[in-house]
Amino acid sequence: MQPLLLLMAFLLSPRAEAGEIIGGHESKPHSRPYMAHLGNCGGFLVREDIVLTAAHCARRLCSSITVTLGAHNIKQKEETQQKILVKKAIIHPDYNYPQCANDIMLLQLEKKAKLNANVRLISLPTMTDQVKPGMVCNVSGWGRLGVNTTGNGKLHEVELEIQSNNVCSSRYKHYNSTIQICVGDPKKIQTSFKGDSGGPFICNNVAQGIVSYGNDKGKPPRVYTRISRYLPWIKSTMRRFKLLRTQ
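First, a word on scope: everything that follows refers to the structure included in this document. Since the model is a prediction, treat every value here as computed from it, not as a measurement. (Residues numbered from 1 in each chain as written. Predicted model: local features only at pLDDT ≥ 70, side-chain atom pairs only at ≥ 80, totals over all residues. Heavy atoms only, no water.)

1. A short note on the state of the cysteines
As used in these notes, a disulfide is a covalent bond between sulfur atoms, one from each of two cysteines.
Inference 1: With the rule as written, the count across this model stands at three disulfides.
Inference 2: Shown here is the disulfide that connects cysteine 41 with cysteine 57, its sulfur atoms set 2.1 Å apart. Measuring handedness by torsion sign, the sulfur bridge of cysteine 41 and cysteine 57 sits at about -95° and is left-handed. With cysteine 41 in the loop between strand E3 (35-37) and strand E4 (42-47) and cysteine 57 in the loop between strand E5 (50-53) and strand E6 (66-69), this residue pair connects regions lying 16 residues apart in the sequence. Considered together, cysteine 41 and cysteine 57 belong to a single accessibility category, that of buried residues. (Disulfide = S-S within 2.5 Å. Helix = DSSP H or I, 4+ residues; strand = E, 2+ residues; numbered from the N terminus. Buried < 20%, exposed > 50% of the residue type's maximum accessible area, 1.4 Å probe, protein only.)

Okay, here's the thing in structure tokens:
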């Protein structure tokens, strides 16, 4: 990784970490084949050589980043797993730490993933896609199963309801409905939390959000990056880093 990127990685710090799954259940093994494990963060495969994740995860990544694809239990060496080094991390140029705005990052892999039943791409939204309050979508992660409970290494998931914007704007000073989604019923103990930031928020088999930040005690709602807002940047960046040739 370039020295400048390394420096940025150490300087970037999230306002509040997010990503673990509380109040959910273990996923059916390999039912979420787009999931990527990045150590202390999650991500998802959007091109054979590109993983999408949260920008604030940069501070947790060392100079040698390995992405694990095709995993269910990250504590075991599964035959389905593909471990690929990251060639380059591209943080959104307007990522802002105090507001945790534009919390999105692309990771270019050193080689293409081998797509199969256990490793697949997830679709991105269109510019006109809308997610509305009341919609129930899915988020997955490998983190803790409670605020004071460690995870068991297996992928877990939970169904969460999108909230009206005022539910988050009343709780988070810098919440911006243009670029963020308010997720999780405040009356339920179900949420993403620490340890697996950058995971996808999936609505009707489309990645609509990225786990970003929230209350440090794990109380919903939490804030997710709105992917549709960043499609021009995502597409132009992926064009700039042309698809790797088959090796």
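2. Section: the nonpolar core
Inference 1: Phe44, Leu52, Val67, Leu69, Met105, Leu107 and Ile234 are the most contacted members of the largest nonpolar core, which has 54 residues in total.
Inference 2: The leading source of residues in this core is strand E7 (residues 82-91), at five residues.
Inference 3: Setting aside anything within four residues of it in sequence, one finds leucine 69 in contact with Met35, Ala36, Leu45, Thr80, Gln81, Gln82, Ile84, Ala113 and Val119.
Inference 4: Membership of the second largest hydrophobic core comes to twelve residues, among which are Val131, Ile162, Val183 and Phe201. (Core = buried A, V, L, I, M, F, W, Y, C linked by side-chain atoms within 4.5 Å. Contact = heavy atoms within 4.5 Å.)

3. Digging into the sheet that holds strand E11 (residues 180-183)
Inference 1: What the seven strands build is an open sheet, ordered E2-E10-E9-E13-E14-E15-E11; its pairing is antiparallel. Lying at the two open borders of the sheet, with one neighbouring strand each, are strand E2 (25-26) and E11.
Inference 2: Note: strand E9 (residues 136-141) against strand E13 (residues 200-203), two bridges, orientation antiparallel. By the bridge assignment for E13, asparagine 138 is matched with isoleucine 202. (Pairing = 2+ DSSP bridges.)

4. Here we look at unusual backbone geometry
Inference 1: The step from proline 220 to proline 221 runs through a cis peptide bond, and the omega angle for that step is 5°.
Inference 2: Tracing the backbone through its elements, the reader meets proline 221 in the loop between strand E14 (206-214) and strand E15 (222-226).
Inference 3: At asparagine 205, a position not held by glycine, the phi torsion is positive, near 65°.
Inference 4: Secondary-structure assignment places asparagine 205 in the loop between E13 and E14.
Inference 5: Look at asparagine 205 and you get exposed, because its relative accessible area is 63%.

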